[in-house]
Amino acid sequence: MCGRYAATKDPATLMREFDAVDGTEGKAGGADYNVAPTKHVPTVVERHPRDADGTVLEDEPPVRSLRMMRWGLVPFWAKDPSVGNRMINTRAETATEKPAFRKALSRRRCLVPADGWFEWKAVDGGAGRKAAKEPYYMTTKDSSSLAFAGLWETWRDPNAEPDARPLVTFSALTTEAVGQLAEIHHRMPLVLPVQRWADWLDPSRTDATDLLTPPDRDWLDELELRPISTKVNNVRNNGPELIERVEPDATDLDAALFELPNPS
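Residues numbered from 1 in each chain as written. Predicted model: local features only at pLDDT ≥ 70, side-chain atom pairs only at ≥ 80, totals over all residues. Heavy atoms only, no water.

A. Representation of the overall build of the protein chain in the model. Each helix and strand in the protein chain was counted, giving four helices and 13 strands. Its C-alpha atoms give the protein chain a radius of gyration of 19 Å, near enough to 18 Å, the size a compact globule of 264 residues would have. The C-alpha extent of the protein chain, read off along each of the three principal axes, is 65 × 40 × 35 Å. A burial count over the protein chain gives 48% of its 264 residues as buried. (Helix = DSSP H or I, 4+ residues; strand = E, 2+ residues; numbered from the N terminus. Rg over C-alpha atoms; globule rule 2.2 N^0.38 Å. Buried < 20%, exposed > 50% of the residue type's maximum accessible area, 1.4 Å probe, protein only.)

B. Layout of the sheet that holds strand 9 (residues 132-139). Read from one edge of the open sheet, five strands run 3-1-8-9-13, paired in antiparallel fashion. Single-partner strands in this sheet number two, and they are strand 3 (32-35) and strand 13 (224-227). Each strand of the sheet is rotated relative to its neighbour by a mean of 30 degrees, with strand direction disregarded. Sheet topology places strand 1 (residues 5-7) next to strand 8 (residues 116-123); two bridges connect them, and they run antiparallel. The residue bridging Tyr-5 from the neighbouring strand is Trp-117, located in strand 8. (Pairing = 2+ DSSP bridges. Axes fitted to C-alpha atoms, helices over the stretch in contact; angles between N-to-C directions.)

C. Spotlight on the pattern of salt bridges. Following the criterion strictly, the structure yields 14 salt bridges and no others. Between Glu-25 and Lys-27 there is a salt bridge; the shortest N-O distance is 3.8 Å. Judged by its relative accessible area of 52%, Glu-25 is exposed. One salt bridge in this structure joins Arg-245 and Glu-247, with 3.3 Å as the shortest N-O distance. Judged by relative accessible area, Glu-247 falls into the exposed class, the value being 52%. Residues joined in a network through salt bridges with shared partners are Glu-224, Arg-226, Arg-245 and Glu-247. (Salt bridge = Lys/Arg side-chain N within 4 Å of Asp/Glu carboxyl O.)

D. Representation of the confidence of the model for the protein chain. The predicted model of the protein chain averages 90 in pLDDT, with 91% of residues at 70 or higher. Here residues 253-264 is a poorly scored stretch, pLDDT under 50, and it has 30 contacts once near neighbours within four places are set aside; other chains count. (pLDDT = per-residue confidence, 0-100. Contact = heavy atoms within 4.5 Å.)

E. Molecular detail of the pairing of strand 11 (residues 167-176). The element strand 11 is extensively covered by neighbouring structure, given that eight of its 10 residues are classed as buried. Taken together, the two bridges between strand 5 (residues 63-71) and strand 11 define a ladder with parallel strand orientation. What sits directly across from Arg-70, in strand 11, is Thr-169. Note that strand 10 (residues 146-155) and strand 11 share six bridges and pair antiparallel. Bridge assignment links Trp-155 to a residue of strand 11, and that residue is Leu-167.

F. Just the nonpolar core, in detail. Grouped together as the largest cluster of nonpolar side chains are 31 residues, with contacts concentrated most on Phe-18, Leu-111, Leu-151, Leu-173 and Trp-200. Elements with a contribution of two residues or more to this core: helix 1 (11-18), helix 2 (99-107), strand 10, strand 11 and helix 3 (197-201). Trp-200 has contacts with Leu-105, Arg-109, Cys-110, Leu-111, Ala-149, Gly-150, Leu-151, Leu-173, Leu-192, Ala-208, Leu-211 and Leu-212, leaving out every residue within four places of it along the chain. By size, the runner-up hydrophobic cluster in this structure holds 27 residues, among which are Val-35, Met-138, Phe-148 and Phe-170. (Core = buried A, V, L, I, M, F, W, Y, C linked by side-chain atoms within 4.5 Å.)

G. Just helix 1, in detail. Of all the residues in helix 1, the buried ones are Pro-11, Leu-14 and Phe-18. Seen end-on, helix 1 carries its buried residues on one side only, within an arc spanning 60 degrees. Following helix 1 by one or two positions, Asp-19 has its phi on the positive side, about 50 degrees. (Arc of directions from axis to C-beta.)

H. Layout of helix 2. Within helix 2, the full set of buried residues consists of Ala-100, Phe-101, Ala-104, Leu-105 and Ser-106. If you follow the buried residues of helix 2, they end up packed against strand 6 (89-91), strand 7 (109-114), strand 10, strand 11 and helix 3.

Encoded structure:
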């Protein structure tokens, strides 16, 4: 699953990397080394423009932009936004079947920029000791951004004023881990190489079934799997020290692991 990641680049840098315009309305925060569910973060979408009345201009070319969204998908039919706490991830294997994700997969796909993501490897605690969790940071070797495949939805509070802004949320797709990543955890985010960004974001494409497969193993094996400090376990910790390489220490392996929402 994907329950934590790092996103430290400013909108200007993301605009260059993703060839997008800035639609964050100045709401992008600073560098975040410990992104957790319910936080608002930059995502990338590609949509046809609308006219003054809100009508979609399908004859106009789509525009790729950065948009702020909250992590944890809230379906448009949800009674309250708390359901998003259980929908931070979407299994790629069942996304076409689940009512909460099926329509979004067809019409509302996004990319989630990340410097890298965190995962915890179960290790033997030794004789008489319980199993421990060892944190790792998965990232590129050249500091380029990763892009998670995501789905997004718009939710409107039925009790809010008619002109109140809706809540826009997303869920990160996950799939079976491939190659060296499987040695850390059996699941991983669906990471899309640059060559697949345009197809994933294409608003005219309503069947994304063939896009739900992991990238080539050779591409994934180029990622760095970096052991890091258990400081990342605490969501209150947030700084560059969280992604620094720290070789596992037997005295540190019993550090308590935070609780994550169950993946969808």
